[in-house]
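# Topology and contacts: notes
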Amino acid sequence: MKGILIGVLCFALLAGGIFLWKANEKVPDPIAADVLSKYRQDELMEMSEDRLQSLEGQTIAVSGIVLTSEGDETGHTVTLGQDELNILICQADNRHLASMRKLSKGHFVEIVGTLAGHDFDDMMGRTIQMKNCATGIQNK
């Protein structure tokens, strides 16, 4: 019984340590990150699901027209697209909230961030998600 208790305790400490290590892992600044490729928002919407899956987790730059820009002091979301059916949703990196808040509907902008996922539905349209987004790129 004592051995099982020690084993469970060691496992809990190891799992807790890994969790804390991953939770405190630094996310690179998207402005300084190496950009894999640059795309227009409409090009991403026309890509196949397989191609988008191969880009997930990669830092890319996307240019397009701002459809919405909304948020508060703790977070901001910018949506690129021409209509509500085919959109790219970008969650702002907290280090760049001020510059993302300046965007408003109709602005043409280039956003850099990490492709996080996508959802293609025949009835609801296409949605692509990005995270850790910022405007502008240092290493073009």
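Counting from 1, residues in each chain are numbered in the order their sequence is written. Whole-chain, interface and lining totals are the exception, using all residues; otherwise, since this is a predicted model, local features are given only for residues with pLDDT of at least 70 and side-chain atom pairs are given and counted only at 80 or more. The side-chain numbers reported here are obtained from all heavy atoms of the structure, hydrogens and water having been left aside.

The next subject is the state of the cysteines. What counts as a disulfide here is a pair of cysteine sulfur atoms lying within 2.5 Å. Using the criterion set out here, one finds one disulfide in the structure. Between the sulfur of Cys 90 and that of Cys 133 lies a disulfide, 1.8 Å long from S to S. Residues Cys 90 and Cys 133 are joined by a disulfide whose S-S torsion is about -85°; by sign, that bridge is left-handed. Placement of Cys 90 in strand β4 (residues 86-92) and of Cys 133 in strand β6 (residues 125-135) is noted, with a sequence separation of 43 residues between them. According to the relative accessible area criterion, Cys 90 is buried, its value standing at 0%. Exposed residues in this analysis have more than 50% of their type's maximum accessible area, buried residues have under 20%, and partly exposed residues fall in between, with area computed by a 1.4 Å probe over protein chains only. In this structure Cys 133 comes out as buried when scored by relative accessible area, which is 0%. Counting from the N terminus, the helices are the DSSP runs of H or I reaching at least four residues and the strands are the DSSP runs of E reaching at least two.

Turning to a negative patch on the surface, a few remarks are in order. A patch is a set of surface residues, each over 30% in relative accessible area and not in a salt bridge, joined within 9 Å for like charges and within 5 Å for the nonpolar side chains Val, Leu, Ile, Met, Phe, Trp and Tyr. All accessibility values rest on the Shrake-Rupley procedure with a 1.4 Å probe; residue burial counts only the protein chains present in the view. In the sections that follow, a salt bridge refers to a side-chain nitrogen of Lys or Arg positioned within 4 Å of a carboxyl oxygen of Asp or Glu. We treat Lys and Arg as the positive residues and Asp and Glu as the negative residues; His and chain ends play no part in the count. Just so you know, the charge point we use is NZ for Lys, CZ for Arg, CG for Asp and CD for Glu. There is a patch of like negative charges on the surface, built from Glu 49, Asp 50, Asp 119, Asp 121 and Asp 122. Within the residue set of the negative patch, elements represented by two or more residues are α3 (49-55) and β5 (108-121). Within the secondary structure, Asp 121 is located in strand β5. On the basis of relative accessible area, Asp 121 is assigned to the partly exposed category, the value being 34%.

Turning our attention to the nonpolar core. Leu 44, Leu 80, Leu 88, Ile 111, Ile 128 and Met 130 are the most contacted members of the largest nonpolar core, which has 24 residues in total. At the level of secondary structure, the elements contributing two or more residues to this core comprise α2 (41-46), α3, β2 (59-72), β3 (75-80), β4, α4 (97-101), β5 and β6. By convention a nonpolar core is built from buried Ala, Val, Leu, Ile, Met, Phe, Trp, Tyr and Cys residues, the set being connected through side-chain atoms within 4.5 Å.

Not every positive phi belongs to a glycine, and Asn 132 is a case in point at roughly 55°. You can see Asn 132 is positioned in strand β6. You can call Asn 132 partly exposed: its relative accessible area is 22%.

According to the stated counting rule, one finds three salt bridges in the structure shown. When the shortest N-O distance is used, the salt bridge between Arg 40 and Asp 42 registers 3.1 Å. Look at Arg 40 and you get partly exposed, because its relative accessible area is 43%. Where Asp 93 meets Arg 95, a salt bridge forms, and the shortest distance between an N and an O atom there is 2.8 Å.

Attention now goes to the pairing of β4. Should DSSP find at least two bridges between two strands, the strands are regarded as paired. Where β3 lies against β4, four bridges are found, and the strand directions are antiparallel. Residue pairing in the sheet places Thr 77 in a bridge with Gln 91 of β4. Linking β3 back to β4 in an antiparallel pair, the connection comprises five residues, with Gly 81 at a positive phi of about 155°. Pairing of β4 with β6 involves six bridges; the strand directions are parallel. Across the sheet, residue Ile 87 finds its bridge partner in β6, namely Thr 127.

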